[in-house]
Amino acid sequence: MDRNIYAYVCRRCGASHYPFRMVCKECKQNDFFEFDTVPLPRTGSLVTWTRVHNLPAQYEVATLGIGIVELENGMRMLGQLEIDEPEIGMAVVGEVDVVRREPYDSYYGMVFRAA
Amino acid sequence: MRDVYVAGIGITTFTRLEYPLVEIASYASMMALRDAGVTEVDQVYVANMGSPRVNHQTALASAVVDSLSLMPAGAAAIENGPASGAAAIKAGFQAVASGMDDVVLVAGAERMREVNNLEATDFVATLTHPLAEYIYGVTLPAHAAMFTRLYMERYGVTERHLAMVSVKNQNAALANEWAHLQQPITIEGILDSPEAMTNNPYVAEPLRFFDACPVSDGGAALVLVSEEKARELGRPLVRISGIGQATDTHAVFERDEPTDLLAVRKAANDAFAMAGITPQDVDVAELHDAFTILEIVESEEVGFFPRGEGHLALEKGETALGGTIPINVGGGLKGRGHPVGATGVAQAWEIVTQLRGDGGTRQVEGARVGFTCNFGGFGNNVVCCTFVRES
Ligand SMILES: [Zn+2]
């Protein structure tokens, strides 16, 4: 299935937001829902990262890679990493996949691998 | 605006406490009320982050008022993440400064050890952005770790500098009978020896176990009063001379410069401006070292040291007792412990103790001006306060 994560583009000033907020951070327009949605790009470079060792109970893995990625359009997002030896600045490519499982829910988010 | 004074202070031991949360808040409050010499107050604010989730109790301030028989005083709980404590001090300050109230009890309390460590970590993680951060398994240690990695890359901070903060603060706690951690540590033991990697494993790379504060139960309280009331009560005159609060984006990655903590910078600037002083006037400071990196970066953002030089000042001992600006001489969050809702109030408790000259073996000689930085979220809600001892 093709899933996307979206950026929200202000219809008044064109500023892009991720994650969603109700009022544009740049022009402060407060009309309701005056944003267009555009899929976030999948490729970018790794800004910083960590490997978490003490995980909440629902993660059935020993460690979890998490990083902040600067996408090719200059926006940033946080995602999980499936990268053995992450390095700041490395090229990565993302795919939307399950990032958290709860008893009755699965949450989707971006998972990055080395490009 | 009226001047506001701290007439009474109280604290519990920070550790695992086998008392109900209301009693923890009330115990610290009773000490503060007795210290001030008052039995009646106009208003109560109780800072707490987790009671609905962790302790299955809501409307905490109403329960505390009843426990202390302070009816019919006004009461409200204040939840502002890890900056709940100083947010409650600000509310109490506003109540007295405005002239609405003459005597306000500000308490902070948390009982986190009622759940296990992973549940406590998850509870604190609920302050992150629900869709852009939390669902990925991000914890506060993960945020601090990603921040630390960038700071290391950019400014030459090393694991050794982080360990120096751990050692300084955990060993400082030995001079504070109320502090959670009472075991001395050494750089050898947590970094250099063959056993160090076993003693001090990674929590979130590059942060290790000893880079994080412990999970603690505890409470702290202040009695804030008007000048007229302060003179009548006759306790040492410690005035809250400035308060600044600022916010930043909820998602950390959205900030233009990921190593900036703009809310810390603005909250500190505003507090100093209100007090009419500069960072260089401060004699003793409490910074929010939930993770070792935060003491270093906050010491820069609040203006004690230039950007990128906090770790150099640490190396020279400038932030230790006897240095130019002693930081966290009571152990900080790292050594004293971090019952989240209590922390902002406990920082003020330490500063008032110092400005009264009651610091014992950890006393900063001649301390007259104090400063606190209570860091909420991952830097998205910060409250800074300045205090001055008047003769
Ligand atoms: Zn706009």
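As the structure is a prediction and not an experimental result, all values here were calculated from the model. Here, residues in each chain are numbered from 1, in the same order as that chain's written sequence. Chain letters and ligand numbers both follow the written order, the letters beginning at A and the numbers at 1. For this predicted model, a pLDDT threshold of at least 70 governs which residues receive local features, and a threshold of 80 or more governs which side-chain atom pairs are given and counted, while totals over whole chains, interfaces and linings are taken from all residues. Side-chain measures were taken over the full set of non-hydrogen atoms in the model, leaving aside hydrogen atoms and water.

**A closer look at unusual backbone geometry**
Most peptide bonds take the trans form, and the phi angle of most residues other than glycine is negative. In this model, Tyr18 of chain A is joined to Pro19 of chain A through a cis peptide bond whose omega is 0 degrees. The topology assignment puts Pro19 of chain A in the loop between β2 (16-17) and β3 (35-39). Put simply, Met71 of chain B and Pro72 of chain B share a cis peptide bond, and its omega is 10 degrees. Unusually for a residue other than glycine, Ser69 of chain B sits at a positive phi of about 50 degrees. For Ser69 of chain B, the location among the structural elements is in the loop between α3 (60-67) and β3 (74-78). Where helices and strands are cited, they refer to DSSP runs of H or I of at least four residues and of E of at least two residues respectively, numbered from the N terminus.

**Quick notes on the coordination of the zinc ion**
Ideal coordination angles are 109.5 degrees for a metal with four donors arranged tetrahedrally and 90 or 180 degrees for a metal with six donors arranged octahedrally. Residue and element names in this part refer to chain A. Only nitrogen, oxygen and sulfur atoms qualify as donors, provided they sit within 2.8 Å of the metal or within 3.2 Å for Na, K and Ca; with water excluded from the atoms, sites may seem incomplete. Bound to the zinc ion on the protein side are Cys10 (SG), Cys13 (SG), Cys24 (SG) and Cys27 (SG), at distances that span 2.3 to 2.4 Å. Around the zinc ion sit four donor atoms; with metal-centred angles ranging over 105 to 113 degrees, the donor geometry is tetrahedral. In primary sequence terms, the donor set of the zinc ion follows C-x2-C-x10-C-x2-C. Highlighted residues: Cys10 in strand β1 (residues 6-10) and Cys27 in the loop between β2 and β3, separated in sequence by 17 residues. Look at Cys27 and you get partly exposed, because its relative accessible area is 24%. Note on geometry labels: four donors, all angles 85 to 135 degrees, give tetrahedral; four donors become square planar and six octahedral when opposite donors are over 155 degrees apart and every other angle is between 65 and 115; remaining cases are irregular. Exposed residues in this analysis have more than 50% of their type's maximum accessible area, buried residues have under 20%, and partly exposed residues fall in between, with area computed by a 1.4 Å probe over protein chains only.

**Overview of the environment of Asn73 of chain A**
All names here are of chain A. Mapping Asn73 onto the fold places it in the loop between β5 (64-71) and β6 (76-81). C-alpha separation for the pair Asn73 and Leu40, spaced 33 residues apart in sequence, amounts to 8.5 Å. As used in this structure description, the phrase polar contact means that two N or O atoms lie within 3.5 Å; if the pair is within protein, one of them must be able to donate a hydrogen and the other to accept it, and residues adjacent in sequence are counted only when both atoms belong to side chains. Here the side chain of Asn73 touches Met75 through a polar contact of 3.0 Å, landing on its backbone nitrogen.

**Overview of the environment of Cys373 of chain B**
All names here are of chain B. Assignment of secondary structure puts Cys373 in strand β10 (residues 369-376). Residue Cys373 is classed as buried on the basis of its relative accessible area of 0%. Along the primary structure Cys373 and Glu228 are separated by 145 residues, whereas in three dimensions their C-alpha atoms are 28 Å apart. The contact criterion used throughout is that any non-hydrogen atoms of two residues lie within 4.5 Å. With residues up to four places along the chain from it excluded, the contact list for Cys373 reads Val264, Glu286, Leu287, His288, Glu298, Gln347, Val382, Val383 and Cys384.

**Regarding the pattern of salt bridges**
Salt bridges are identified by distance alone: a Lys or Arg side-chain nitrogen within 4 Å of an Asp or Glu carboxyl oxygen. Per the counting criterion, the structure on display carries 33 salt bridges over all chains. Across the pair Glu95 of chain A and Arg113 of chain A runs a salt bridge whose closest N-O atoms are separated by 3.1 Å. Placement of the pair is Glu95 of chain A in strand β7 (residues 91-102) and Arg113 of chain A in strand β8 (residues 105-114), with a sequence separation of 18 residues. Here Glu95 of chain A falls in the partly exposed class, since its relative accessible area comes to 41%. Judged by its relative accessible area of 28%, Arg113 of chain A is partly exposed. Here Arg2 of chain B ties to Asp102 of chain B by a salt bridge, and the two come within 3.0 Å at their closest N and O atoms. One end of the pair, Arg2 of chain B, is in the segment before β1 (4-11); the other, Asp102 of chain B, is in the loop between α4 (84-97) and β4 (103-111), and 100 residues separate them in sequence. Bridged by salt links that share partners, the residues Asp260, Arg265, Glu300, Glu301 and Arg307 of chain B form one connected network.

**Re the sheet that holds β2 of chain A**
Residue and element names in this part refer to chain A. One open sheet accounts for three strands, arranged β2-β1-β3; its pairing is antiparallel. The open sheet terminates on both sides in strands that have one partner only, identified here as β2 and β3. One requirement defines pairing of two strands: DSSP has to find at least two bridges between them. Bridge count between β1 and β2: two bridges; the pairing is antiparallel. From the neighbouring strand, Val9 faces β2, where its bridge partner is Ser16.

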